[in-house]
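Letter by letter, the chains look like this.
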2 protein chains.
Amino acid sequence: MTRSEENYIKTIFHLGRKGTREVATNAIAELMETKPSSVTDMIKRLSEKDLVNYKRYQGVSLTALGNKTALGIIRKHRLWEVFLVEKLDFSWDEVHEVAEQLEHIKSDKLIDSLDRLLAYPKFDPHGDPIPDKNGGFKERDRELLSEVPKNSVGVCVGVKDSSATFLKFLDKNGIALGNQIRVMEIEEFDGSLNIEIDGRKMQISHVIASNLYIKVNND
Amino acid sequence: MTRSEENYIKTIFHLGRKGTREVATNAIAELMETKPSSVTDMIKRLSEKDLVNYKRYQGVSLTALGNKTALGIIRKHRLWEVFLVEKLDFSWDEVHEVAEQLEHIKSDKLIDSLDRLLAYPKFDPHGDPIPDKNGGFKERDRELLSEVPKNSVGVCVGVKDSSATFLKFLDKNGIALGNQIRVMEIEEFDGSLNIEIDGRKMQISHVIASNLYIKVNND
DNA sequence: ATATATTTTTAGACAAAACTAAAAATTTGT
DNA sequence: ACAAATTTTTAGTTTTGTCTAAAAATATAT
Ligand SMILES: [Mn+2]
Ligand SMILES: [Mn+2]
Ligand SMILES: [Mn+2]
Ligand SMILES: [Mn+2]
């Protein structure tokens, strides 16, 4: 598989999770910053190789083989992200770009050894689950901070938007994965929240809250 | 720079070390397992980018920029080889193939952090020197085992042929970098050697001896 | 010195992956 | 239901990097 094919497969996988079963040509083009005509060309090649199901004008979905391929790439991407943070002291806003390159390195032994070196991590630096060798992974039980009721208590376990700008914003405001969070007040007017995070009180906008995942303590 | 351009630059660098100043089109083609016509095409592109000096039919050589580029790639290649051996328990015959891929990853921060993680190694698993950030490196003082006189004593510091087959042969016969070597006898007839290696006596053929570098103890 | 052999370059083709512009199919609005 | 808007596909180019076959330059051998 070429690098480009792998990137398409990964994008189709991500778009297939959210939203509808069949992924639209335009959606792929937009996410990959390419043109719809290029997407159509590539989809045909992928269809030829039995990685996607494709009927023209009907959108595209991954075959079983395509799905397995996608999970393999995502496993590599996320393991490399952990490596960069844990072993090379990268910050969580710097890892994605490099992982985009590293995810295409082909060597089973390499990725298995990396997994062992990192002590088989289950989640990447953004709180996203890492598929195991066989592509299996459990989506962690979590909710957007913007969706939980007042007085909820939990721990911050992930980000929805993992852009560098958002992550740096969180750093600046001392918000990190693992922090204890209590929702003190939800402002009707603009949806902003008063929270207590690791003992410290602060106010965050609705936009911020809708990009933070927490695991609620259910007693 | 594209991956392919980088591979050409690296090959021209290696061929330029040994042998003559100007590198022949055919030599590049042979080493890269490609056709001479493809080489000519690429050389023109590299010349356009000021990475090589080229006058048709006169062979090719690296410019200052090309040289610096080559050293950067070789630095990455060798650091990754050290990483694979030291951190991921690869054997020295397994690292080259993966390093061929990893050497093309683009991130200064990545390679500097890797260098730090590995404690700034000076040599790769095959005894080849690792250029520093600025492309500087000192070729270690060493000689082929086949060229030193009888009774020489020294330490094994590198291999000339670093193919997996040769390296596995060395493993099988318990020969490794760092071993103490004494040349007991040189057989006139076939150039084979009787050596004592880490206290153990053995006989090795001329071919083997001419692919092992030793640093002779000069007293 | 001249014919022969070797090396290198050119010319023309091809595949991958992208693009633009235009056509075709589908969806939406009234 | 039908026109308009949107989405998707096709057709035709482009760039990178490769190839084969043929031509040109250089090296070698008698
Ligand atoms: Mn990422
Ligand atoms: Mn991630
Ligand atoms: Mn190597
Ligand atoms: Mn090496």
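Residues numbered from 1 in each chain as written. Chains lettered and ligands numbered in written order. Predicted model: local features only at pLDDT ≥ 70, side-chain atom pairs only at ≥ 80, totals over all residues. Heavy atoms only, no water.

*Asks:* Help me get a handle on the domain arrangement of chain A, residues and values and all.
*Replies:* The domain architecture assigned to chain A consists of domain 1 (3–62) and domain 2 (143–216). A C-alpha centroid distance of 33 Å is found between domain 1 of chain A and domain 2 of chain A. (Domains from an automatic or database assignment.)

*Asks:* Go over the protein's contact with DNA strand C with me, naming the residues and quoting the values.
*Replies:* Within the structure, DNA strand C sits among 22 residues, and Thr2, Thr34 and Ser38 of chain A together with Lys44 and Tyr54 of chain B are positioned closest to it. The contact atoms of DNA strand C, taken as those within 4 Å of the protein, divide so that sugar and phosphate hold 78%. Between DNA strand C and Thr34 of chain A there is a distance of 2.6 Å, counted from a phosphate oxygen to a side-chain nitrogen or oxygen. Of all elements in the fold, only helix 1 (3–17) and helix 3 (36–48) of chain A together with helix 2 (25–32) and helix 3 (36–48) of chain B reach the threshold of two or more residues within the surface near DNA strand C. (Near = heavy atom within 4 Å. Polar contact = N/O pair within 3.5 Å; in protein donor to acceptor, adjacent residues only side chain to side chain. Helix = DSSP H or I, 4+ residues; strand = E, 2+ residues; numbered from the N terminus.)

*Asks:* Could you give an account of the pattern of salt bridges, naming the residues involved and the relevant values?
*Replies:* All names here are of chain A. In the structure shown here, the tally under the stated rule is 28 salt bridges over all chains. Measuring nitrogen to oxygen at the nearest pair gives 3.1 Å for the salt bridge that ties Glu6 to Lys106. Placement of the pair is Glu6 in helix 1 and Lys106 in the loop between helix 5 (95–102) and helix 6 (108–117), with a sequence separation of 100 residues. Look at Glu6 and you get buried, because its relative accessible area is 5%. Its relative accessible area of 40% is what places Lys106 among the partly exposed residues. (Salt bridge = Lys/Arg side-chain N within 4 Å of Asp/Glu carboxyl O. Buried < 20%, exposed > 50% of the residue type's maximum accessible area, 1.4 Å probe, protein only.)

*Asks:* Give a description of the protein's contact with DNA strand D that names residues and reports values.
*Replies:* Taken together, 22 residues lie around DNA strand D, and Lys44 and Tyr54 of chain A together with Thr2, Thr34 and Ser38 of chain B are the ones closest in. For DNA strand D, the fraction of atoms within 4 Å of the protein that belong to sugar or phosphate moieties is 75%. In the model, a phosphate oxygen of DNA strand D is placed 2.9 Å from a nitrogen or oxygen of the Tyr57 of chain A main chain. Elements represented by at least two residues in the surface near DNA strand D include exactly helix 2 (25–32) and helix 3 of chain A together with helix 1 (3–17) and helix 3 of chain B. A per-element tally of the surface near DNA strand D places helix 3 of chain B first, with five residues. Class assignment of the residues belonging to the surface near DNA strand D gives a composition of seven nonpolar, 10 polar and five charged. (Nonpolar A, V, L, I, M, F, W, Y, C, P; charged D, E, K, R; others polar.)

*Asks:* Lay out the interface of chain A and chain B in plain terms, naming residues and giving numbers.
*Replies:* Contacts between the two partners involve 22 residues from chain A and, on the opposite side, 22 residues from chain B. Taken together, the connections running from chain A to chain B amount to four salt bridges. Applying the counting rule to chain A against chain B returns five residue pairs in polar contact (both at pLDDT 80 or more). Looking at the side of chain A that touches chain B element by element, the count peaks at six residues for helix 6 of chain A. When the residues that make up the side of chain A that touches chain B are grouped by side-chain class, the tally is 11 nonpolar, four polar and seven charged. (Contact = heavy atoms within 4.5 Å.)

*Asks:* Give a detailed account of helix 3 of chain A, specifying residues and quantitative values.
*Replies:* Residue and element names in this part refer to chain A. With 13 residues, helix 3 extends 18 Å between its outermost C-alpha atoms, agreeing within 8% with the 18 Å of an ideal straight helix rising 1.5 Å per residue. Within helix 3, burial applies to Val39, Met42, Ile43 and Leu46. For helix 3, the angular spread of the buried residues around the axis is 110°, confining them to a single face. Exposed and oriented more than 90 degrees from the buried face of helix 3 are Ser37 and Glu48. Residues of helix 3 that are buried make contact with helix 1, helix 2, strand 1 (52–54) and strand 2 (60–62). Asp50 lies just past helix 3 and shows a positive phi near 65°. (Expected span 1.5 Å × (residues − 1). Arc of directions from axis to C-beta.)

*Asks:* Explain the sheet that holds strand 7 (residues 200–204) of chain A to me, using residue names and the numbers behind them.
*Replies:* The strands making up a sheet are joined through hydrogen bonds of the backbone, oriented either antiparallel or parallel. All names here are of chain A. The strand order 3-8-4-5-6-7 describes an open sheet built from six strands, whose pairing is antiparallel. Here the strands that pair on one side only, and so sit at the sheet edges, are strand 3 (143–144) and strand 7. Strand direction decides the pairing type here: strand 5 (residues 180–186) and strand 6 (residues 193–197), joined by five bridges, are antiparallel. The partner of Val183 across the bridge, within strand 6, is Ile195. (Pairing = 2+ DSSP bridges.)

*Asks:* Just give me the short version of the coordination of the manganese ion (ligand 1), but keep the residues and values in it.
*Replies:* All names here are of chain A. For the manganese ion (ligand 1), the full set of protein donor atoms is His77 (NE2), Glu81 (OE) and His96 (ND1), at a range of 2.0 to 2.2 Å. Each donor residue of the manganese ion (ligand 1) belongs to the same chain, with the gaps between them written as H-x3-E-x14-H. Metal-to-metal, the separation of the manganese ion (ligand 1) and the manganese ion (ligand 2) is 3.4 Å; Glu81 coordinates the two. Placement of the pair is His77 in helix 4 (residues 64–86) and His96 in helix 5, with a sequence separation of 19 residues. For His77, a relative accessible area of 8% puts it in the buried group. Judged by relative accessible area, His96 falls into the partly exposed class, the value being 38%. (Donors = N, O, S within 2.8 Å, 3.2 Å for Na, K, Ca; no water.)

*Asks:* Run through the nonpolar core, naming residues and quoting values.
*Replies:* Core analysis: the biggest nonpolar cluster contains 34 residues, and Trp80, Phe83 and Leu84 of chain A together with Trp80, Phe83 and Leu84 of chain B have the highest contact counts within it. Elements represented by at least two residues in this core include exactly helix 4, helix 5 and helix 6 of chain A together with helix 4 (64–86), helix 5 (95–102) and helix 6 (108–117) of chain B. Excluding residues that lie within four positions of it along the chain, Leu84 of chain B makes contacts with Leu110 of chain A together with Asp89, Phe90, Val95, Val98, Ala99 and Leu102 of chain B. (Core = buried A, V, L, I, M, F, W, Y, C linked by side-chain atoms within 4.5 Å.)

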